[in-house]
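Secondary and tertiary structure notes
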Amino acid sequence: MKFTPMSAEEIALAGLLEPGIYPFEVMAASEELSKNGNEMIKLKLAVFGTDGQQVHVFDYLLEKLAYKIRHFCEHTGMLDKYEKGTLSELDCEGKAGYVQIVIDPANGVYMPKNSVKDYVKSPDKATPQPQPRPMSAVPPLNPAPGKAATPASLAAAGMNAGGSFDDDLPF
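Residues numbered from 1 in each chain as written. Predicted model: local features only at pLDDT ≥ 70, side-chain atom pairs only at ≥ 80, totals over all residues. Heavy atoms only, no water.

**What about the environment of Tyr22?**
Heads up, the rule is: Only DSSP runs of H or I reaching four residues or more are called helices, and only runs of E reaching two or more are called strands; each is numbered from the N terminus. Categorising residues by exposure relies on relative accessible area from a 1.4 Å probe, with only protein chains included: less than 20% of the type maximum marks a residue as buried, more than 50% marks it as exposed, and the intermediate range marks it as partly exposed. Throughout, a contact is declared for two residues whenever any of their heavy atoms are within 4.5 Å. Counting of polar contacts relies on pairs of N or O atoms within 3.5 Å, with two restrictions inside protein: one atom must be capable of donating a hydrogen and the other of accepting it, and residues adjacent in sequence are counted only when both atoms are side-chain atoms.
With respect to the helices and strands, Tyr22 occurs in strand 1 (residues 20-33). Tyr22 sits in the buried class, given a relative accessible area of 9%. Through-space distance from the C-alpha of Tyr22 to that of Val99 is 5.5 Å; in sequence the pair is 77 residues apart. With residues near it in sequence (within four places) discarded, Tyr22 still touches Leu17, Val47, Phe48, Gly49, Thr50, Gly97, Tyr98, Val99 and Ile101. Among the polar contacts made by the side chain of Tyr22, one reaches the main-chain carbonyl oxygen of Glu18 at a distance of 2.7 Å.

Structure below.
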């Protein structure tokens, strides 16, 4: 067997995401106390790389890092909770958004790891998003009296010739 030898740090870096902005989802959240006895919420994030890679990253929301709490709430649709000054583990679980990832260098016995620098807006916000068609552009399902529905009018309304919706859902 032939292989390319790598240092321990090279091996550790190979499993990490490059610094950048990635989509994430909160897999788990728990209310805990920090080493200094301060209330915090520990988050386990699934961070999704561009090549399908998924990395689990832990982050901690605590009052000392107020900007991070606000940005997390703001970019996951919970700004109202932030403004009320209360946030629970249940509020956080399942939330998704975008996160700025960095690499923390090796430190003593700890290998390099990905960590959260901040929660950010979607990088696609500047890209125009497709707008839904206005209802006036959707042909009526019941044509005018004396006119039959055509396959083209049914297709434009998202229906098949049998009159049921054709949504290509696998269930």
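**Brief notes about the pattern of salt bridges**
Applied cut-off: Here, a salt bridge means any Lys or Arg side-chain nitrogen found within 4 Å of an Asp or Glu carboxyl oxygen.
Considering all chains together, one arrives at 2 salt bridges under this definition. Here Asp59 makes a salt bridge to Lys68, at a shortest N to O gap of 2.9 Å. This pair shows no difference in class: Asp59 is buried, exactly as Lys68 is. Between Lys81 and Asp91 there is a salt bridge, with the nearest N and O atoms lying 3.4 Å from each other. Taken together, the positions of Lys81 in helix 3 (residues 79-84) and Asp91 in helix 4 (residues 89-92) put the pair 10 residues apart, joining distant regions of the chain. Relative accessible area serves as the criterion here: at 31%, Lys81 is assigned to the partly exposed category.

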